[in-house]
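# A structural walkthrough
Spelled out from the first residue to the last, the chains are:
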Amino acid sequence: MALSDNDLKQIKEILKRDPSPVEYYIFDAMWSEHCSYKSSKPILKRLPTKAESVALGIGEDSGIVRFHNHDGESYCIAISHESHNHPSQILPIEGAATGVGGCVRDVYCMGADVIGVLNSLHFGVKNGSDNFFVEEIEEKVIQGIADYGNPLGVPVLGGETLYHSSYNDNCLVNVAALGLIKEKNIIHSYVPKQAESEPYKIILFGKPTDSTGFGGASFSSDTLDEDNKETNVGAVQVHDPFLKRVFVEAIKACLTYLEEESIEIGFKDLGAGGIACATSELAVSGGFGVALDLDKVLISDPRLKPEVIACSETQERFAMAVPATHTQAILDIFNKQFQIPDLHPQAGASCIGVVTKEKTYKINYQSNIVCDLDVATITTQVHADRYSQPRIIEKEATINAELNKNILLEDICNTYLNSKLNASKRYVYRFFDNAVKGNTVIYPGEADAVVIKPIPDSKTGLAVSMDSNLYGNTDPYTAGAYAVSESIRNIISVGATPLALTDCLNYGNPEKPTVFFDFEQGVDGIRDAANQLSFHKSDPIPIISGNVSFYNESKQGNAVVPSPVICAVGKIDDIAMAKTSQVFNENVTLVRIGKRYEEFAQTQLEPYLSEYSNVAPQVRFDQEKKQNKLVLDLYKDNLLESCHDISMGGLWVSVVEMILGERGKPFVGLELDLSKSTHILAELFSENGGYVIATYNIDAVKQRCEQQQIDNDVIGNTISNKQLRVKTATETMQWDLDDMSRQWNQFNP
Amino acid sequence: MSVAVIQFPGSNCEYETLHSLNVVGLSADIVPWNSDHLDLSTYKGFVLPGGFSFQDRVRAGVVSSKLPILGFIKERALDGYPVLGICNGCQILAESGILPDYNPDISMGMGLAPNMNEQSYHGFVCDWVYVKIKNPQGSLFTRYFNDTDVIPIQINHGEGNFKFFNKELVQTSTSTQLIYSDEIGDVSFSYPTNPNGSEFNMAGLCNQSGNVLAMMPHPERGMFWYHIPRYLNHDLSSQRRKGVLTDGPWKKMFESLRDYIQETY
Amino acid sequence: MECFVYQKHIDLHAVSALEAIHGFMNLTHCKRLSRFVHWIVDVQTECDAVDFFSMITSKSYYLLNPNKEGFVTKLLASNDQDTHSVFVDVFPKESLDNSVLVEKINQHCGTCINHIKKHITWQCDIDISEQSTEFVCSKLLPSDLGGGILANPVYESFCFLNN
């Protein structure tokens, strides 16, 4: 039960009576943090969401950005970005799977075809025998994502896996789903105006409604708690990607029929709050009311209580508002053409109610009215007052960083290679189909971003990336700004221009002022980066979709590292231009682009330092923007052989990856000459944004950098010998690439 | 003269398979699993695409293999029409007993077991591997390849581990087989050259008359130049990096099917 | 020591298998079908089976996740007078190395498990009590006439269990 005494009092004041059980659960769902954004809304208004390129901004199930005009059609990309953290902690397989399932539904119901998903996974770190479930949760979250995405036939287009002990009791599972849609075919999540002049009915289709996920909307807003696990359990939903796959085909048939008949509809997926939330939002946002007949809902068990039927979060369901004259045709597509009732007991489509001009929300069940609300009461804006408690955050490094005594540079280099944060993640993504649909051009792991070719007969590519970082405990503003800047670097790195961003903001308990401060700062960081890294003269890189997940902490009070996760999409005019990270040939020169700073707080170097300023890697927007522009210019003039961004792990990890490649199968060796570098720690390990590029034409690259006043240095050349040699002012280190390759692949089967 | 791509509940590679057929100039339709046999009778070839028909429940392919449409396809296969099963389609052909046909007395000669690495379950694998083709001339699908070719291809399956009822018959058979190899064509029976524990490194095989091919890897994902990853240590990848690769290696398979249908019907 | 794990809500494997048996194979004598994951654990312990498996599931989800699954240590035939329960145990022909799983459970739960085997047990409720086992044998399991649905003849074996 999530409704507080105060909430209940407020509800009684609004209704001037006690709510019925069904009404109680409707308010419970609608007023939950998950649905109402009651803590976050005022802060989220700071984000730049508008731009000329936005076809559909925030407010419906997905945001949509214009992508490319081809053959007289405006092709757009629809994106939904969601978290499923708490459910994944309790039932990792089902939680992660339904996380993917819910997110793709948001995209399908815009009329789009889902062309890929990305996931950002944050897992705990096992220490000793303490955390039984940390490893198991990692294994099973990965299995859950594979169990859903693979059968659904949607490729996983990358993402990230991070490890930190703050996630031990609360993993993060963030998913973004991307869809392709022609602008003229966008379907809205509300009943169309047409319903004023002709009767519209509500069709529900999908899995039969059952009790799974009942109270799910309240669930993700309660802090996880050992003792409460049993009671939380019924809240998790059960996925069925197979049925979803069949529904996706049936939806296609429906939409084709509706397009041929030129019929306007409203279409929405069922998520938190089930039938009640979806149908009320469908009607209310169109300016209508609804009268539902719960007896018409296909259910799995006749004993279900009306409030369960109305509010359960059973997966794989959609609601559609269609003209009464066409309801039978639509029902037949599901029930007869695709024989859905034969594929799953009680599954299928049924007509469950009518759209009314009277602005009320009524539900009938066994001849009783079990819900009778004014639309205005449902849409009452709930607001929770939250306070933030600022703290001082250092922004400028003033102390020269010093290593702990007796630590050798070479040892640090080796520890980096042995860290799960840096090693190959093939052990994660080998479970995910990355090429179903046949559009994949640059595969996950090959480059900073994945590239697909979504439009048949067009050589235009879509680049995608999803990123976050672990800087939030020291500098929550930078956590947001850096996530944006990194995701944009990743897009640039394959030669694409950024189009749009989405965010998923994972924080602790917003009732705690220190946590709320972190949240505010993260949003400000995202806002500034989205505004300042745009190449457009007046528009930001628009944020077209997003989600907030609070209460990511355990009862012990360990909030997770503030974790804003950003998904970026970009456009590349010709997929043939895209390059990857690995260097394949000898005698190629490597150049580091972007200045290094001794900003080591929360970086992987921090544990080895005895003295340093408490400053996390800052994002310098003007420098970053110039660097990004430079890389795109180098692409344009065909001066690049390979390109890789510098982020977590610094230049050291970047060059190792460029030599080893995705598989740890090097084609050439590398001689790095850093002997001129006066700050070798910063040179190798600084995580400030930048790039390492490989070129045959160093003079031309140098000239560009100087013209545009971009800090750069030639750092080395590839050699035929399969070795990595690093020369500093004081020493020479050397690795055999076979050994390095074994380290890189050490967690892979 | 067109080809039917059978859409089972849960198929998910039907559209790119259709596209591959269309690109080489074959007309093709996606035909649902519950279609009337009469509707199917005009087709000159049949493709069972990849996916998870019936969610791999019980085990991959078994529920689909019991459908009436499989009885029809079996008849067509015996009549000599081209039948291609890719991934889940391969599993369905195995469960239906259509392949292999080394010994007509054995009703079910092979099965696709869960992927193994040594003696342990290995789970789902998405990866690029290499195959060689034994007796490519023996099948209408592979006749444009050479037996020296080492061809990159993607696998995406959790149950692709070929097990045979009678190993000797497989070993002595001369009919066409696709065999996992490494990038230079060596056939080592250990992981990762053999990605899933298949007996004889089997990746796919044909019936004796060469008109039915069942393969676990995905030829439709090796159709176009951009399908071949830049990072492989293979001549095709090197060509892609130089910007001179024009087609994927598996286009030939679909072209061969097209030519066969045009020659024959 | 052994246990049989069942799905608390719905077992889609069993639903699909029964649909195939009824719809596509036209075998209506099989009235119900249930599926259990059958764990056979070789372990030195003084606990009884119920306590032992309860202890493991309180510390790891490797054998079952109590949030969605339950277990019994003995199979129970159907109460329905009109049907007769036949239990078929299906297992791979090749022996599997489960040492990684054993190691994980021992590490997490402080147990001394030597070996673990995982089988699948099907409970088929047949409405012809006389030849119910013969029915399952000839129609649902692989035979010379063709592959049955419950086991693959090439890489799986099976046996009947007495409840």
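This report concerns the structure included in the present document. (Residues numbered from 1 in each chain as written. Chains lettered and ligands numbered in written order. Predicted model: local features only at pLDDT ≥ 70, side-chain atom pairs only at ≥ 80, totals over all residues. Heavy atoms only, no water.)

Residues and elements named next belong to chain A. This model, assessed by the stated rule, comprises 34 aromatic pairs over all chains. Ring plane angle 80 degrees and centroid distance 5.4 Å describe the contact between Tyr 24 and Tyr 25, whose orientation is recorded as edge-to-face. Judged by relative accessible area, which is 17%, Tyr 25 ranks as buried. Pairing Phe 247 with Phe 334 gives two aromatic rings, centres 5.9 Å apart and planes at 50 degrees, and the pair type is tilted. Here the residue Phe 247 occupies a position in helix 10 (residues 241–260), and Phe 334 occupies one in helix 13 (residues 327–337), the gap between them amounting to 87 residues. When sorted by exposure, Phe 247 lands in the same class as Phe 334, which is buried. Cluster of aromatic residues (ring-pair linked, three or more members): Phe 205, Phe 247, Phe 267, Phe 318 and Phe 334. One residue, Lys 420, lies across the ring of Phe 747, its end atom 6.0 Å from the ring centre. The ring of Tyr 597 carries Arg 620 above its face, with NZ or CZ at 3.5 Å from the centroid. (Phe/Tyr/Trp six-rings, centres within 6.5 Å; stacked < 30°, edge-to-face > 60°. Buried < 20%, exposed > 50% of the residue type's maximum accessible area, 1.4 Å probe, protein only. Helix = DSSP H or I, 4+ residues; strand = E, 2+ residues; numbered from the N terminus. Lys NZ or Arg CZ within 6 Å of the ring centre and 35° of its normal.)

Residue and element names in this part refer to chain A. Here we have six strands laid out as an open sheet, ordered 15-16-17-20-18-19, and mixed in their pairing. At either end of the open sheet lies a strand with only one pairing partner, and these are strand 15 (440–442) and strand 19 (543–549). Recorded for the sheet is a direction-independent mean angle of 25 degrees between the axes of neighbouring strands. Two strands pair when backbone bridges link them, and strand 15 and strand 16 (residues 450–452) are joined in this way by two bridges, in the antiparallel orientation. From the neighbouring strand, Thr 440 faces strand 16, where its bridge partner is Ile 452. In the packing of helix 18 (residues 476–493) onto the sheet, the strands contacted are strand 17 (461–467), strand 18 (497–506) and strand 20 (563–572), and the crossing angle to strand 20 comes to about 25 degrees. (Pairing = 2+ DSSP bridges. Axes fitted to C-alpha atoms, helices over the stretch in contact; angles between N-to-C directions. Contact = heavy atoms within 4.5 Å.)

Below, the discussion takes up the interface of chain B and chain A. Accessible area lost upon the coming together of the parts serves often as the stated size of an interface. Contact with chain B, which involves 37 residues of that partner, is made by 44 residues of chain A. Interface area, chain B with chain A, both sides summed: about 3400 Å², of which 52% is carbon and sulfur. When the area that chain B buries against chain A is broken down by residue, the three leading residues are Tyr226(B), Arg230(B) and Tyr231(B), summing to 21%. The interface formed by chain B and chain A holds six salt bridges in total. The residue Asp127(B) makes a salt bridge to Arg663(A) at a minimum N-O spacing of 2.7 Å. Counting across the interface, chain B meets chain A through 24 residue pairs in polar contact (both at pLDDT 80 or more). Counting residues per element, the ones that place at least two in the side of chain B that touches chain A are helix 1 (14–23), strand 8 (125–134), strand 9 (151–157) and helix 7 (235–242) of chain B. (Buried area = accessible area lost by both parts, 1.4 Å probe. Salt bridge = Lys/Arg side-chain N within 4 Å of Asp/Glu carboxyl O. Polar contact = N/O pair within 3.5 Å; in protein donor to acceptor, adjacent residues only side chain to side chain.)

Here the focus is the nonpolar core. Grouped together as the largest cluster of nonpolar side chains are 251 residues, with contacts concentrated most on Phe205(A), Phe334(A), Trp122(C) and Cys124(C). Among the elements that line this core, the one with the most residues is helix 10 of chain A, at eleven residues. With sequence-adjacent residues up to four places away left out, Phe205(A) is seen in contact with Phe247(A), Ile251(A), Phe267(A), Glu316(A), Arg317(A), Phe318(A), Met320(A), Phe334(A), Gly348(A) and Ala349(A). Judged by nonpolar contacts, the second largest core, of 53 residues, contains Tyr608(A), Ile646(A), Val655(A) and Trp744(A). (Core = buried A, V, L, I, M, F, W, Y, C linked by side-chain atoms within 4.5 Å.)

A few words now on the interface of chain C and chain B. On the chain B side, the residues contacting the 27 residues of chain C number 26 residues. In total, chain C and chain B occlude about 2100 Å² of area from one another, counting both sides; carbon and sulfur atoms represent 62% of this. The tally of links between chain C and chain B comes to one salt bridge. Residue Lys163(B) pairs with Glu94(C) through a salt bridge whose shortest N-O separation is 3.6 Å. Counting across the chain C and chain B interface gives nine residue pairs in polar contact (both at pLDDT 80 or more). Looking at the side of chain C that touches chain B element by element, the count peaks at six residues for helix 1 (residues 12–24) of chain C. Grouping the amino acids of the side of chain C that touches chain B by side-chain chemistry returns 15 nonpolar, eight polar and four charged. (Nonpolar A, V, L, I, M, F, W, Y, C, P; charged D, E, K, R; others polar.)

Residue and element names in this part refer to chain A. Residue position: Thr 161 is located in strand 5 (residues 156–163). Residue classification places Thr 161 among the buried residues on the basis of a relative accessible area of 9%. When near neighbours in sequence (up to four residues on either side) are disregarded, Thr 161 contacts Leu 121, Phe 123, Lys 425 and Val 428.

Before going further, it helps to spend a moment on the packing of helix 18 of chain A against helix 20 (residues 621–636) of chain A. Residue and element names in this part refer to chain A. At a closest axis distance of 10 Å, the pairing of helix 18 and helix 20 adopts a crossing angle of 10 degrees. Classified by the angle between their axes, helix 18 and helix 20 sit roughly parallel to one another. Contacts between helix 18 and helix 20 involve Tyr 477, Ala 481, Ser 485, Ile 488, Arg 489, Ile 492 and Ser 493 from the former and Phe 621, Glu 624, Asn 628, Val 631, Leu 632 and Tyr 635 from the latter. Considering only residue class, the contact of helix 18 with helix 20 consists of eight nonpolar, three polar and two charged. (Parallel < 35°, antiparallel > 145°, perpendicular 65-115°, else oblique.)

This paragraph deals with the state of the cysteines. The term disulfide refers to a covalent linkage connecting the sulfur atoms of a pair of cysteines. For the coordinates displayed, the defined rule picks out zero disulfides over all chains. Cysteine Cys371(A) is unpaired, with the sulfur of Cys311(A) as its nearest cysteine sulfur at 8.6 Å. Look at Cys371(A) and you get buried, because its relative accessible area is 1%. Among the cysteines around Cys3(C), which has no disulfide bond, Cys109(C) carries the closest sulfur, lying 13 Å off. (Disulfide = S-S within 2.5 Å.)

As far as function goes, none of this settles anything; it's purely spatial.
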